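Fold and contact review
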Amino acid sequence: MCGIVGYIGREQAAPILLNGLGRLEYRGYDSAGICVAADGVLHVEKCKGRLANLEEKTEHGALLPGTLGIGHTRWATHGEPNDINSHPHLSQNGKIALVHNGIIENYLEIRTFLEEKGVKFVSQTDSEVVAQLLEYCLGLPETNTVPDAIYMVLHRIEGAYALGIMCKDTPDSFIAARKDAPLLLGYGDGCNFIASDVTALIKHTRDVAYMNDGEVALVSADGIQVFDEYGQPVEKEHSYVDWDVSAAEKGGYPHFMLKEIMEQPEAVRKTISPRIKEGQIVFDELSLDEDFIRSLDRIFIVACGSSYHVGMVGKYNLERLLRKPVDVQLASEFRYADPLVGPNSLVIVISQSGETLDTMAALREARRLGAKILSIVNVVGSSIARESDDVLYTWAGPEIAVATTKAYSTQLVLLDMLGVYFAKVCGSIGDAEYEEIVEELLALPVKMEAVLEDIDEIKYLASRYFNHNSIFFIGRNLDYALGLEGSLKLKEISYIHSEAYASGELKHGTISLIEEGTP
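Below or above, wherever it landed, is the structure these notes cover. The structure presented is a predicted model; accordingly, all values stated were derived computationally and were not measured. (Residues numbered from 1 in each chain as written. Predicted model: local features only at pLDDT ≥ 70, side-chain atom pairs only at ≥ 80, totals over all residues. Heavy atoms only, no water.)

**A few points about the overall build of the chain**
In terms of helices and strands, the chain carries 16 helices and 24 strands. For the chain, the C-alpha radius of gyration of 25 Å lies close to 24 Å, the compact-globule estimate for 519 residues. Principal-axis analysis of the C-alpha atoms gives the chain an extent of 75 × 55 × 45 Å. Residue burial in the chain is summarised as follows: out of 519 residues, 52% are buried. Counting only contacts in the chain whose residues sit at least 6 apart along the sequence, the fraction spanning at least 24 positions is 69%. Mean positive and mean negative side-chain charge positions of the chain (46 and 76 charges, respectively) differ by 2 Å. (Helix = DSSP H or I, 4+ residues; strand = E, 2+ residues; numbered from the N terminus. Rg over C-alpha atoms; globule rule 2.2 N^0.38 Å. Buried < 20%, exposed > 50% of the residue type's maximum accessible area, 1.4 Å probe, protein only. Contact = heavy atoms within 4.5 Å. Lys, Arg positive; Asp, Glu negative; His and termini not counted. Charge placed at Lys NZ, Arg CZ, Asp CG, Glu CD.)

**Regarding unusual backbone geometry**
In this model, His 87 is joined to Pro 88 through a cis peptide bond whose omega is 0°. Within the secondary structure, Pro 88 sits in the loop between β4 (68–74) and β5 (89–90). In the Ramachandran plot, His 60 falls in the positive-phi region, its phi being about 55° despite a non-glycine side chain. Structurally, the position occupied by His 60 is in the loop between α2 (51–57) and β4.

**A word on the state of the cysteines**
A full pass over the atoms with the stated rule returns zero disulfides. No disulfide involves Cys 2; its nearest neighbouring cysteine sulfur is the one of Cys 47, lying 15 Å away. (Disulfide = S-S within 2.5 Å.)

**Examining the packing of aromatic side chains**
Here the structure, examined in full by the defined rule, presents six aromatic pairs. Where Phe 300 meets Phe 334, the ring centres are 6.1 Å apart and the plane angle is 80°; that geometry is what we call edge-to-face. Note that Phe 300 is positioned in strand β18 (residues 298–303) and Phe 334 in helix α10 (residues 331–334), a separation of 34 residues in sequence. By relative accessible area, which is 1% here, Phe 300 ends up buried. Of the aromatic side chains, those joined through ring pairs into one cluster are Phe 283, Tyr 421 and Phe 422. For Arg 156, the ring lying beneath its charged end belongs to Phe 113, and the centroid distance is 5.2 Å. (Phe/Tyr/Trp six-rings, centres within 6.5 Å; stacked < 30°, edge-to-face > 60°. Lys NZ or Arg CZ within 6 Å of the ring centre and 35° of its normal.)

**A closer look at the sheet that holds β4**
Spatial strand order, β3-β2-β4-β1-β10-β9-β11-β15: eight strands in an open sheet with antiparallel pairing. Single-partner strands in this sheet number two, and they are β3 (41–48) and β15 (239–240). Of the strand pairs in this sheet, strand β1 (residues 3–8) and β4 are connected by six bridges, and their pairing is antiparallel. Bridge pairing links Ile 8 to Leu 68 in β4. (Pairing = 2+ DSSP bridges.)

**Quick notes on the environment of Gly 190**
For Gly 190, the location among the structural elements is in the loop between β9 (184–187) and β10 (192–195). The residues contacting Gly 190, other than those within four sequence positions of it, are Ile 8, Gly 9, Arg 10 and Ala 221.

**Re the pairing of strand β21 (residues 372–377)**
Taking burial as the measure, the six residues of β21 include five buried ones, the bulk of the element. Note that strand β20 (residues 345–351) and β21 share six bridges and pair parallel. Bridging across to β21, Val 347 finds its partner in Ile 373. A crossover links β20 with its parallel partner β21, the connecting element being helix α11 (residues 357–368), and its sense is right-handed. (Right-handed = clockwise from strand over helix to strand, strands pointing away.)

**Some points on the packing of helix α4 (residues 127–138) against helix α5 (residues 146–154)**
Where α4 contacts α5, the axes come no closer than 9 Å and their chain directions differ by 125°. The angle between the axes of α4 and α5 places the two elements in the oblique class. Judged by the sense of rotation from one axis to the other, the crossing of α4 with α5 is right-handed. Note on element contacts: α5 touches α4 through Val 146, Ala 149, Ile 150, Met 152 and Val 153, opposite Val 130, Leu 133, Leu 134, Cys 137 and Leu 138. (Axes fitted to C-alpha atoms, helices over the stretch in contact; angles between N-to-C directions. Parallel < 35°, antiparallel > 145°, perpendicular 65-115°, else oblique. Left-handed = near helix turned anticlockwise from the far one by under 90°.)

**Considerations on the side chain of Thr 73**
Turning to its location among the elements, Thr 73 is positioned in strand β4. The residues touching Thr 73, leaving out its near neighbours within four places in the chain, are Cys 2, Gly 3, Leu 21, Tyr 29, Ser 31 and Ala 32.

**Let's talk about the environment of Lys 447**
Looking at the secondary structure, you find Lys 447 in helix α14 (residues 431–453). A C-alpha to C-alpha distance of 8.3 Å links Lys 447 and Pro 265, two positions 182 residues apart in sequence. Here the side chain of Lys 447 touches Glu 440 through a polar contact of 2.8 Å, side chain to side chain. (Polar contact = N/O pair within 3.5 Å; in protein donor to acceptor, adjacent residues only side chain to side chain.)

**Things to note about the sheet that holds β18**
Strands sit in the order β19-β18-β20-β21-β22 across an open sheet of five strands; the sheet is parallel. Looking at which strands have only one partner, the edges of the open sheet turn out to be β19 (326–330) and β22 (390–393). Going across the sheet, the axis of each strand differs from the next one's by a mean of 20°, ignoring polarity. In this structure, β18 lies alongside β19, joined through five bridges in parallel fashion. Paired with Phe 300 across the two strands is Asp 327, which belongs to β19. Contacting β18, β19 and β20, helix α9 (residues 305–322) runs over the sheet at an angle of about 175° to β19.

**Observations regarding α9**
Given 3.6 residues per helical turn, the α-helix brings residues three or four places apart onto the same face. With 18 residues, α9 extends 25 Å between its outermost C-alpha atoms, agreeing within 8% with the 26 Å of an ideal straight helix rising 1.5 Å per residue. Bending of α9 peaks at approximately 25° at the position of Gly 314. Of all 18 residues in α9, 13 are buried; the element is thus mostly enclosed. Arg 323 occupies a position one or two residues after α9 and carries a positive phi of about 55°. (Expected span 1.5 Å × (residues − 1). Bend = angle between axes of the 7 residues up to and from the residue.)

**Considering the pattern of salt bridges**
Scanning the model with the defined rule gives 26 salt bridges in all. Of the charged contacts, one joins Glu 45 and Lys 57 as a salt bridge, the two residues approaching to 3.4 Å between their closest N and O atoms. Within this pair, whereas Glu 45 is found in strand β3, its partner Lys 57 is found in helix α2, the two being separated by 12 residues in sequence. Look at Lys 57 and you get partly exposed, because its relative accessible area is 37%. Each of Arg 178, Lys 179, Asp 180, Asp 213, Glu 355, Arg 364 and Glu 387 takes part in a single network of salt bridges with overlapping partners. (Salt bridge = Lys/Arg side-chain N within 4 Å of Asp/Glu carboxyl O.)

**A closer look at the nonpolar core**
Residues Ile 281, Ile 299, Ile 348 and Phe 422 are the most contacted members of the largest nonpolar core, which totals 48 residues. The dominant element in this core, judged by the number of residues it contributes, is helix α13 (residues 406–426), at 12 residues. Look past the residues within four positions of Phe 422 in its chain and what remains in contact with it is Leu 288, Ile 293, Leu 296, Ile 299, Leu 322 and Leu 346. (Core = buried A, V, L, I, M, F, W, Y, C linked by side-chain atoms within 4.5 Å.)

If you want it as structure tokens, here you go:
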């Protein structure tokens, strides 16, 4: 859940970096840090705890003057949360500063190699290995430029990375690199940016481009040059962020979770309305032809977390509507299941961010096996969207709260609409049922608003159950799938232990955990 921000331009970098990191706080983190270049020196400040600690330490950035910098919020993976393990990491001689999201899988091997060369490490992280290896490669006779050394490093490390790299030898630019971890470029007027999430940049620019795996970007105030994994220039397709900055702010609500719960009816309305025309469900963005839809012999729904629970609801509905087999698989398991995927299979990939690593890996495996890929995502231009044959956007707007709300609801309604659309093409649904479903879809946002108006009743119910240590959700069919999501939400938001079971399974062992008073 780490966050990255980088800036170069005419203004002071530190306040911009701190503001960007503030907009990434929702991702969860245990430490924060920034590096700013000034007078040929890379100045780093970082500390454990909340971003407010870093703001106080730097007097809101005033103590770090300079117009080029990178920033990071870290969620500990390698090494405990402390000041030393925080990012940015400096190389031994202070030539390189680096921020990193992802995991370097062969970091121990590289660390051992560098220690044998006399390199002294100060942190326990895998990320510092990249900074130290880059400084080492810069000292080799065969590397003439910083990009030469970076490519040498990228071909040596294994794993996932989004990198922001500063070198004191190149004070007019910094470098970004990406593989299996999200990173985007932001284009400004006399300034340019990198970030792991567009919310960090929306205050400054709406003109962005999403980096692809293996790409390296040279970012200066005058422009951004992008190169592929072989060092060849790449022309990037730009995207325009059309949601307002207020969408990423609380708007008078005490926290983002409540704000996004209350935004669900409007998000669902935006998902449904453009896709119903003259009483018909229409997917103008789909390239799947009707002959292929009719020839489908199997549908796979692949996702993680809440999106997986959407898929479970979708399975019940799609199988009932289409009378075709629908398999729902966790993305992290899909690659290892030896799935029976063929040319008449459709794999529906669901992801809010469009960057979920396990889901990306499953998508690529499905493509290797010859399936058509249809993705349902929220983030326009994301990696999953770009690598799919077809994409349906939920248009839910930014989700800041850790637990998904708008994305879950919009994914659910979009998958149901897709099932009804397919059923109409296949002739497996009657006109009367089709018309009734379309009417109910159009009425759905108003019905959701009616539910959410009864806040007092919801608060009363919450007050009855919040003080329990363990809660069980039971249900059958669609209600079981819904129970799984309810249980996940309860764990994620309240830290109350919760489990969901198909009703008939409660008696098979689980009932031994139920005692008087257990909800």
